[in-house]
Every structure is written in structure tokens, then in C-alpha cells.
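# Topology and contacts: notes
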There are 2 protein chains.
Amino acid sequence: MAKANENFNRLKESYLFIEISEKIGEFVKNNPGKPLIKMGIGDVTRPLAPVVVEAMKNAAEEMGVAETFRGYEDTGRGYLFLREAVAGYYSAMGVTIEPDEILISDGAKSDCGNLSDIFSDDNVVLVTDPVYPVYNDANLMGGRQVVFLNSNIENSFAATPDESLKADIIYICSPNNPTGAAYTTEQLKKWVDYALKNNAVIVYDAAYEAFIQDDELPRSIYQIDGAEKCAIEVCSLSKTAGFTGTRCGYTVVPELLELELKDGTKTTAQKLWRRRQSTKFNGVSYPVQRAAQAVFSEEGQKQVRDTIAYYQNNAKIITSTFDKLGITYTGGKNSPYVWFKCPGTMSDREFFDYMLKTIQVVGTPGSGFGKNGEGWFRLTSFNTAENTTEAMKRFEKMYEQF
Amino acid sequence: MAKANENFNRLKESYLFIEISEKIGEFVKNNPGKPLIKMGIGDVTRPLAPVVVEAMKNAAEEMGVAETFRGYEDTGRGYLFLREAVAGYYSAMGVTIEPDEILISDGAKSDCGNLSDIFSDDNVVLVTDPVYPVYNDANLMGGRQVVFLNSNIENSFAATPDESLKADIIYICSPNNPTGAAYTTEQLKKWVDYALKNNAVIVYDAAYEAFIQDDELPRSIYQIDGAEKCAIEVCSLSKTAGFTGTRCGYTVVPELLELELKDGTKTTAQKLWRRRQSTKFNGVSYPVQRAAQAVFSEEGQKQVRDTIAYYQNNAKIITSTFDKLGITYTGGKNSPYVWFKCPGTMSDREFFDYMLKTIQVVGTPGSGFGKNGEGWFRLTSFNTAENTTEAMKRFEKMYEQF
């Protein structure tokens with residue numbers, strides 16, 4: 001008799017963004033004359049850079065000609081041309097990563113979820129709260145115990161290790177989704193030290209690193225000494241280059257990172273991850289890999305930096321408004337997200353409904369990311385400058401009533 | 001302390017195709033003057049169809065323009081345009097599948113592996129031997145017990161259920177990889193009846209369905225009554241349309257398919273699979289989905305059928321030679337694979353080395369697919385007609401010595 005994975009019962013019924021999407025759908029249906037400004041889900045809106053489009057088209061053409069057609073990759077770990085480009089990107093931030101330590105994937109979400117396959121089910125997983133739901137859900141699905149560390153206004157939503165809370169695997173995200181908080185070198189060093197001391201592994205989600213503006217903030221966990229022995233870094237081109245619909249990411253599993261076996265021996269995480277991927281994955285579309293390679297070219301970097309600057313300007317429009325209104329917030333400078341306190345005693349879900357009804361601006365209620373998100377709210381800068389300006393104009397007007 | 005998933009120790013050290021790839025690499029290095037004819041790994045060689053390339057290029061251009069740019073899909077289950085196209089493809093073979101029962105993915109290998117997430121670890125999994133290693137490896141990785149049913153020359157490498165061998169989840173592949181054997185309606189009905197009787201779930205890998213030439217053979221398990229209550233069908237465009245390097249597949253999880261929970265209640269497999277995918281996957285690249293849609297257009301079908309006919313002709317070249325030499329084989333007519341008995345008492349790994357050394361033709365030793373593959377060998381028709389003809393000429397000459 002085929003038995004279901006009971007661990008699915010540990011998950012909340014509906015994935016946050018789907019839930020919100022349904023609420024919005026209903027509003028749109030009932031209010032056809034009121035166009036929404038969507039600043040909720042963390043999806044980009046600007047088109048792909050011209051060099052990226054060109055690279056994808058050229059690769060598509062290659063696929064149509066026998067002499068240049070490409071089938072399966074030999075390894076499924078990503079073409080060397082792309083792994084070398086990623087290694088070069090790290091090199092430019094002063095970090096040495098070998099192409100062999102990089103695996104290309106269809107995105108950070110897949111890797112954040114699938115990485116759990118290489119770990120035993122009896123590991124204790126630590127996530128900060130509020131948290132991107134994937135870290136939690138993927139591990140609940142695998143039957144693991146998940147413990148939460150409080151991120152809140154007292155620690156500026158950038159929780160650092162608590163020696164009384166032990167864990168074997170730690171998911172951290174910086175700049176953080178949803179709070180926009182970015183770890184300093186000193187804070188990140190605390191995490192690396194904690195992991196090394198406890199033989200824990202950090203899964204470091206760097207999906208938003210390209211939004212960091214302060215030069216002194218780390219953009220990779222490997223900028224911290226010792227991280228190569230305790231950290232896996234997951235990154236993506238979704239936010240860096242607008243690949244949310246194009247799908248390409250990469251994960252760094254350093255050669256030095258070891259995991260324990262029951263008999264006291266060790267194995268490398270890299271060996272297990274390669275085996276996982278060669279069994280349950282078959283590489284990323286060749287034209288997509290060529291498109292990704294173009295992102296890392298000189299012209300590509302220039303073009304994607306322009307787009308990021310555009311979003312950063314939107315974030316500035318939001319934070320300027322919040323500064324003016326005296327609203328407490330984190331993020332916005334080194335992140336596309338602005339995370340702020342809901343007015344008065346209003347709950348975040350009430351505030352979601354209120355904004356939708358009153359000014360037709362869609363955001364994301366903080367409680368969807370965990371209990372410390374209660375009463376907090378996330379807006380994103382992934383919109384046009386015009387819409388962002390208009391949304392903040394309406395927002396300011398709405399605030400007159402509080 | 002971060003603990004490894006011990007189940008990786010249950011896997012063989014190296015994935016078969018990687019192992020072979022290394023052997024070939026070594027031969028090429030040491031014999032630069034002897035070009036190989038590769039008839040080993042099941043990878044296509046013909047270019048993508050012109051309409052497919054055109055669709056991908058157009059979609060890439062859309063991604064470069066703000067008005068037509070696409071980010072995340074709402075659901076990650078695949079765009080409706082593609083799910084409708086797949087439903088239409090089923091409809092043409094007389095099978096009713098709703099677009100909501102179809103989930104688009106980056107390929108059959110990913111789905112065959114990842115589907116195991118929705119099942120409890122204490123299910124017993126049945127695979128036929130010889131077998132595509134992914135079914136076995138993915139379930140070993142998850143800690144499940146795997147039992148083997150013999151496919152051999154006595155049952156023409158098309159094993160049917162054995163009531164003494166009980167299982168909860170059954171992986172079957174028809175036309176089969178590696179044996180090329182295709183189930184008849186009567187044989188497939190035996191599997192559906194067995195699954196219904198035992199409340200088992202069949203994961204049916206139909207990746208090679210487009211190679212079926214005999215009209216009376218089923219191309220989908222849903223052509224068998226009752227399969228909608230017990231079978232998940234995984235399919236891919238890799239072999240249908242040369243998407244091995246483009247990456248797109250689809251999985252049908254019928255609404256009626258239920259799984260048991262410990263408390264005696266039931267849940268639907270579809271609900272769990274959607275939840276799995278919305279947590280650990282984020283959809284397929286938009287230009288790839290447009291390319292896939294083009295495969296199902298009238299012109300697309302015509303173009304991909306031409307390519308399949310080309311490979312079918314290669315298979316014919318192989319089987320004609322085998323017929324002439326009196327070699328025992330299965331497959332070739334309804335499959336791109338020809339599976340044959342090695343000469344005399346030669347083991348399949350010896351025969352691999354012998355062919356490589358003597359005629360520089362690369363095939364796949366059967367034992368890589370399981371114990372019943374010992375002494376058997378797989379050749380594929382995924383090559384040029386010229387190479388296939390040349391390989392068979394050399395093969396015939398080589399056979400004079402046996």
C-alpha cells in the first residue's frame with residue numbers, strides 16, 4: 001500500500017505567496033477599475049539585459065545546427081565556461097573559489113530545498129525567524145527538527161548565534177529576505193565561529209548580494225576566514241540579473257567541507273551534493289547557461305548594474321518616505337526589500353487588507369515569514385520608478401489617517 | 001555536528017555513465033588518431049527543430065522588453081499554454097488529461113528522482129532489473145527498501161507482476177531503457193491490475209513513447225482503464241524533440257490518485273507533488289517552455305517526427321545487421337535502443353573494452369543496469385546515419401572473429 005510522506009502534514013496548508021496571490025486575484029475580480037501596484041512578491045520587473053538576450057538567442061541558434069547542437073552535459077554540474085565565469089566573479093571580490101567547487105542549477109530555491117538531501121534526517125536545523133519559508137518547509141518535509149532564533153527589532157533583524165541554541169545545520173540569508181538586514185563582517189564571523197566550534201554547516205543564501213552598496217559589508221560568506229570549512233553558499237541570477245523567469249543559480253560547496261558519518265569517519269559535502277545532482281538533476285538548459293555567462297561579461301556586468309541601480313533608486317524612494325513619516329524599518333539600502341513596522345496596533349494581515357482596499361498597493365504581511373514578523377510588513381523595490389513614486393504618494397496620504 | 005545522509009553509502013561509488021565517460025576519456029587521450037563512434041549514452045545528436053529554435057529566440061526577445069518580460073510563474077507548475085499543449089497531445093492519443101493534472105519540469109530525470117519526496121520512507125519500491133539507475137538510486141538515497149523483478153530473455157525483457165513480490169511503489173519504463181522492450185496493452189494491464197489490487201502506485205516513465213511505431217502498443221499508461229487511480233506518468237521532450245540539452249519534461253499526477261496516511265485517511269498525490277514542487281522548485285525557464293510549446297504545434301510535430309524517423313532508420317540499420325548475424329536482441333523497432341547478447345561467454349564489460357579497442361565503437365555494458373544485464377549490451381540509434389552504417393560495417397567485420 002503506497003504511503004504518503006507524513007511530514008507534509010507538518011507544513012502549513014498553503015505556501016505564503018500562493019495564499020496572497022489568491023487574495024489579490026479575488027480583489028482584482030471584484031474591483032476591475034482599480035489597478036494594483038504590486039510590491040509584494042519578490043519578483044523583478046525589468047527586462048533581461050541586451051547582452052543576455054543576445055547570448056540566449058545565439059545559443060538557441062547553435063542548438064538548431066547539427067555541428068553546434070548540445071545534448072546532455074557530461075557532468076550535469078554546469079558547463080565549465082559558466083563555472084569559470086562564476087569563479088571569476090568571486091575572484092573580483094577577493095575570494096578564491098575553484099570552478100570544481102561550483103555547481104550550476106536552475107535556481108537558489110531548488111538548491112536551498114534539495115541540499116537537504118545530503119544531510120541525515122536527525123540533524124537539528126536552525127533558521128532565523130522571520131525566515132524565507134523554503135528553508136523551514138524543505139526540512140520539515142524531510143522530517144527534521146527545526147529550531148528558531150529570534151530576529152527582531154532589538155537585534156535589528158540580524159540575529160547572531162546564541163550558544164544555548166544548538167544546531168547542526170544553519171540557514172542564513174544576507175542581505176535578508178524578508179527583513180533586508182545585511183550582516184556585517186563582524187556578525188558573520190560570529191556565525192562562522194559558531195559553526196566551526198559546533199561542527200555545524202551553514203547554508204548561506206546570498207541571493208541578494210548584488211544589492212549591497214556599502215563596500216565594507218561582506219557579499220560572500222567566504223570573505224570570512226574559515227567559512228570554506230563550514231559553509232555552503234547558494235546564489236542565483238534571479239535578483240542579480242532578473243533571471244526569476246529564466247532560472248539559473250549556482251551553489252558553492254567547498255572541497256574542505258566535511259560531514260560526519262555514524263562510524264566516526266567523514267565524507268565531503270561536495271561528493272554527496274555532486275552525487276545528489278547527478279542522480280536527480282540533469283543540468284541547466286544550454287541557452288540559459290550561455291545567457292548566465294553573458295551576465296558575468298564586462299558588458300553584462302555594466303548592464304545588470306544599471307538595472308540594480310534602478311531598483312536601488314526605488315528603494316530610496318520608499319525609505320525616504322518612511323524617514324519622513326518616522327516609520328521604523330530595516331533594509332532598503334543594501335537590499336531590494338524594506339521591512340517596516342505596521343502602524344499602531346494594526347496586525348500585518350489587517351494592514352495587508354487595509355492597503356489593498358485603501359490604496360491598492362500590495363505588500364507582504366510579515367507573519368507569513370514567522371512569529372517575529374507579526375506586526376511587520378515587507379515592500380519590495382521591484383517595480384517601475386513611476387509606480388513606486390505613485391505608491392509612496394498614496395501611502396503618505398493614507399498615513400495622514402493614523 | 002552536521003551528519004551526512006548515511007544512505008549515500010548504499011549507492012555505488014560512481015554513476016554508470018560517468019564511469020564510462022572516464023574510460024572513454026582515457027582511450028581518446030591515448031589514441032588521438034582513432035575517432036570514436038559513440039553509441040553508448042542515450043543522448044540525441046540531431047539539432048532542435050526549426051520551429052523550436054524560432055520559438056525560443058522569440059521568447060528570449062520578449063524577455064528583453066519590459067512590456068513582455070516574464071518573471072516567476074504564479075504557480076511554478078508550468079504555463080497554462082504548455083500544460084494545454086501537453087493535454088492536447090494526450091487527447092490525440094485518446095487519453096483525457098486535464099491541464100491541472102500536468103506539471104512541467106526541467107526533465108524526466110528530475111521528476112523520477114524528486115517524486116520520491118512525496119512517499120514515506122517505509123514504502124517498498126519495486127524496479128525491474130535491468131533498470132535505469134535513477135529509480136533505484138533516488139530511492140536508496142531516501143532510505144527505502146528496493147526489490148528487483150527479473151527482466152530477462154525468458155520474458156523478452158518485459159517483466160510482468162509477480163504476486164509473490166509485493167511492493168508499494170513500482171517504477172516501470174516502456175519502451176524500456178535499457179532493453180528497448182515495449183509493453184503490450186495486455187502486459188501493461190497486468191501492472192495496472194496489480195497496482196489497483198495492492199493499492200500500489202506506478203511511476204510510469206514514458207520518456208521513449210514517441211519511438212513507438214506499432215499502432216497497437218500503448219504510448220501512455222492512461223490508455224489502460226484504472227491507471228488514473230494508480231499511476232503517475234513521467235515524460236520528457238528529451239527523446240521526443242531532442243531536448244536533452246534544452247531540459248523540459250512533464251509529469252501527470254491524476255486527481256484521482258490517492259496515498260495512505262498512518263491514521264487511515266487519504267491524501268492526493270497531486271496535492272503533495274504540487275507542494276513539493278512549490279517548495280523546492282520554481283518552474284522552467286520561460287523561453288524553454290515556449291520552445292516546448294512549439295514541439296506540440298502542427299509544424300513542430302511534423303519536424304520532430306522527421307527526426308525520430310531518422311533515428312528509427314538508424315535502429316533499423318543496427319537490427320538488420322543483428323538479424324543477419326543471428327544476434328539475439330530486443331528493442332530497435334519501438335525504441336531508440338537495441339539490447340543484445342554479447343558474443344559467446346564474453347562479459348559485457350569485456351565486450352565494452354573489446355569494441356572500444358577493436359572497432360572504436362562505444363556502447364553501454366548491460367551490467368551497469370543490474371544483474372540481469374550481465375552479458376548483455378546496449379547500443380543506441382542516436383547518431384548520424386553515416387556513423388551508424390560505418391559502425392555496423394566494423395561490427396560485422398569484428399564478428400567474423402567470433
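Residues numbered from 1 in each chain as written. Chains lettered and ligands numbered in written order. Predicted model: local features only at pLDDT ≥ 70, side-chain atom pairs only at ≥ 80, totals over all residues. Heavy atoms only, no water.

A separate point is the overall build of chain A. In terms of helices and strands, chain A carries 12 helices and 15 strands. The C-alpha radius of gyration of chain A comes to 21 Å, within 12% of the 21 Å expected for a compact globule of 402 residues. Reported as C-alpha extents along the three principal axes, the dimensions of chain A are approximately 60 × 55 × 55 Å. In chain A, which comprises 402 residues, the proportion classed as buried is 64%. Residue pairs at least 24 apart in sequence account for 72% of intrachain contacts in chain A once pairs closer than 6 positions are excluded. Side-chain charges of chain A comprise 43 positive and 53 negative groups, with the mean position of each set lying 4 Å from the other. (Helix = DSSP H or I, 4+ residues; strand = E, 2+ residues; numbered from the N terminus. Rg over C-alpha atoms; globule rule 2.2 N^0.38 Å. Buried < 20%, exposed > 50% of the residue type's maximum accessible area, 1.4 Å probe, protein only. Contact = heavy atoms within 4.5 Å. Lys, Arg positive; Asp, Glu negative; His and termini not counted. Charge placed at Lys NZ, Arg CZ, Asp CG, Glu CD.)

Let us now look at the relation of the copies chain B and chain A. Placing chain B over chain A gives an RMSD of 0.0 Å and needs a rotation angle of 180°, together with 0.0 Å of translation along the axis. Viewed as a symmetry operation, the transformation between the two copies matches a two-fold axis. Closest approach to the rotation axis within chain B is made by the C-alpha atom of Lys57(B), at a distance of 2.5 Å. Looking at the interface residues of chain B, 100% of them are also at the interface in chain A, so both copies use one shared face. (Least-squares fit on C-alpha atoms with pLDDT ≥ 70 in both.)

Time to look at the environment of Val44(A). Residues and elements named next belong to chain A. If you trace the backbone, Val44 turns up in the loop between β1 (37-38) and α2 (50-63). Take Val44: its relative accessible area is 4%, and that puts it in the buried class. Separated by 194 residues in sequence, Val44 and Ser238 place their C-alpha atoms 7.8 Å apart.

This part covers the interface of chain B and chain A. The interface of chain B with chain A comprises 84 residues on the first partner and 84 residues on the second. Regarding the contact of chain B and chain A, the summed buried area is about 7100 Å², with carbon and sulfur atoms giving 56% of it. Where chain B touches chain A, the interface holds six salt bridges. Lys3(B) is paired through a salt bridge with Asp168(A); the nearest N and O atoms lie 3.5 Å apart. For the pair chain B and chain A, the interface holds 39 residue pairs in polar contact (both at pLDDT 80 or more). At the level of secondary structure, the elements contributing two or more residues to the side of chain B that touches chain A comprise α1 (16-30), α2 (50-63), α4 (108-114), α5 (133-141), α7 (238-241), β9 (258-260), α8 (269-280) and α9 (286-295) of chain B. When residues in the side of chain B that touches chain A are grouped by element, the largest group, seven residues, is from α8(B). When its residues are assigned to classes, the side of chain B that touches chain A shows 33 nonpolar, 26 polar and 25 charged. (Buried area = accessible area lost by both parts, 1.4 Å probe. Salt bridge = Lys/Arg side-chain N within 4 Å of Asp/Glu carboxyl O. Polar contact = N/O pair within 3.5 Å; in protein donor to acceptor, adjacent residues only side chain to side chain. Nonpolar A, V, L, I, M, F, W, Y, C, P; charged D, E, K, R; others polar.)

The next thing to look at is the sheet that holds strand β11 (residues 329-331) of chain B. Residue and element names in this part refer to chain B. Pairing within the open sheet is antiparallel, and its four strands lie in the order β11-β12-β15-β14. Both outer strands of the open sheet, β11 and β14 (364-365), are each paired with one neighbouring strand and no more. In the sheet, strand β12 (residues 337-341) pairs with strand β15 (residues 376-380) via five bridges, with the strands oriented antiparallel. Counted as the bridge partner of Trp339 is Arg378 from β15. In this fold helix α11 (residues 348-359) packs onto β12, β14 and β15, with an angle of close to 45° to the strand it touches most, β15. (Pairing = 2+ DSSP bridges. Axes fitted to C-alpha atoms, helices over the stretch in contact; angles between N-to-C directions.)

Here we take up the sheet that holds strand β4 (residues 145-150) of chain A. Residues and elements named next belong to chain A. Taken together, the seven strands give an open sheet; going across it, the order is β2-β8-β7-β6-β5-β3-β4, and neighbouring strands pair in mixed fashion. Pairing within the sheet leaves two strands with one partner each, and these edge strands are β2 (102-105) and β4. Across the sheet, the mean angle from the axis of one strand to that of its neighbour is 20°, orientation sign disregarded. The strands that helix α5 (residues 133-141) touches are β3 (124-129), β4, β5 (169-173) and β6 (201-205); relative to β4, the one it contacts most, it runs at about 155°.

Where α2(A) contacts α2(B), the two axes come as close as 9 Å, and the packing angle between them is 175°. When the axis of α2(A) is compared with that of α2(B), the two are roughly antiparallel. Packed against α2(A), whose contacting residues are Val53(A), Met56(A), Lys57(A), Ala60(A), Glu61(A) and Met63(A), the element α2(B) presents Val53(B), Met56(B), Lys57(B), Ala60(B), Glu61(B) and Met63(B) at the interface. Looking at side-chain class alone, the contact of α2(A) with α2(B) contains eight nonpolar, no polar and four charged residues. (Parallel < 35°, antiparallel > 145°, perpendicular 65-115°, else oblique.)

This next bit is on the packing of aromatic side chains. To describe a pair of aromatic rings, one takes the distance between the centres and the angle between the planes. For the structure on display, the rule yields 60 aromatic pairs over all chains. Taking 6.3 Å as the distance between ring centres and 65° as the angle between the ring planes, the aromatic pair formed by Tyr250(B) and Phe296(B) counts as edge-to-face. Of this pair, Tyr250(B) sits in strand β8 (residues 249-252) while Phe296(B) sits in the loop between α9 and α10 (298-325), placing them 46 residues apart in sequence. Taking the relative accessible area as the measure of exposure, Tyr250(B) reaches 3% and is therefore buried. A relative accessible area of 14% means that Phe296(B) is categorised as buried. Among the aromatic side chains, those forming a connected cluster through ring pairs are Phe322(A), Tyr329(A), Phe340(A), Phe351(A), Tyr354(A), Phe377(A), Phe395(A), Tyr399(A) and Phe402(A). Lying across the ring of Tyr79(A), Arg70(A) places its NZ or CZ 4.9 Å from the centre. Over the face of the ring belonging to Phe81(B) we find Arg290(B), whose NZ or CZ atom lies 3.7 Å from the ring centre. (Phe/Tyr/Trp six-rings, centres within 6.5 Å; stacked < 30°, edge-to-face > 60°. Lys NZ or Arg CZ within 6 Å of the ring centre and 35° of its normal.)

Turning our attention to the nonpolar core. Judged by nonpolar contacts, the single largest core of 224 residues is most densely connected at Ile118(A), Phe243(A), Tyr250(A), Ile118(B), Phe243(B) and Tyr250(B). Apart from residues lying up to four places away in sequence, Ile118(A) is in contact with Ile232(A), Leu259(A), Ala269(A), Leu272(A), Trp273(A), Arg276(A), Ala4(B), Asn5(B) and Phe8(B). (Core = buried A, V, L, I, M, F, W, Y, C linked by side-chain atoms within 4.5 Å.)

Okay, helix α6 (residues 185-198) of chain A next. Residue and element names in this part refer to chain A. For α6, with 14 residues, the first-to-last C-alpha span of 20 Å sits near the 20 Å given by 1.5 Å per residue. Along α6, the residues classified as buried are Leu188, Trp191, Val192, Tyr194, Ala195 and Asn198. The arc that holds every buried residue of α6, seen down its axis, measures 160°, which confines them to one face. Structural note: α6 exposes Glu186 and Lys197 on the side pointing more than 90 degrees away from its buried face. (Expected span 1.5 Å × (residues − 1). Arc of directions from axis to C-beta.)

So, about the pairing of β12(B). Among the five residues that make up β12(B), four are buried, leaving the element largely enclosed by the rest of the structure. Taken together, β11(B) and the strand that follows it, β12(B), pair antiparallel across an intervening segment of five residues, in which Gly332(B) is found at a positive phi of about 95°.

Another aspect to go through is the pairing of strand β4 (residues 145-150) of chain B. Summarising the sheet, strand β3 (residues 124-129) of chain B and β4(B) pair through six bridges and their orientation is parallel. Across the sheet, residue Val125(B) finds its bridge partner in β4(B), namely Val146(B).

This next bit is on the confidence of the model for chain A. Of all residues in chain A, 99% have pLDDT values of 70 or greater, and the mean over the chain is 96. The ipTM for the predicted assembly is 0.96, set against a pTM of 0.96. (pLDDT = per-residue confidence, 0-100.)

All right, on to the pattern of salt bridges then. If you walk through the whole model with that rule in mind, you get 36 salt bridges over all chains. Arg276(B) is the partner of Asp117(B) in a salt bridge, and the nearest nitrogen-oxygen pair spans 2.9 Å. Of this pair, Asp117(B) sits in the loop between α4 and β3 while Arg276(B) is found in helix α8, placing the two residues 159 residues apart along the sequence. Each of Arg77(A), Arg83(A) and Asp100(A) takes part in a single network of salt bridges with overlapping partners.

Further remarks concern α5(A). Structural remark: α-helix, 3.6 residues per turn; residues separated by three or four positions point the same way. In terms of burial, α5(A) is a largely internal element, nine of the nine residues being buried. Those residues of α5(A) lying buried are Pro133(A), Val134(A), Tyr135(A), Asn136(A), Asp137(A), Ala138(A), Asn139(A), Leu140(A) and Met141(A). Elements that come into contact with the buried residues of α5(A) comprise α4 (108-114), β3, β4, β5 and β6 of chain A together with α8 of chain B. Among the residues trailing α5(A), Gly143(A) stands out with phi positive, at a value near 85°.

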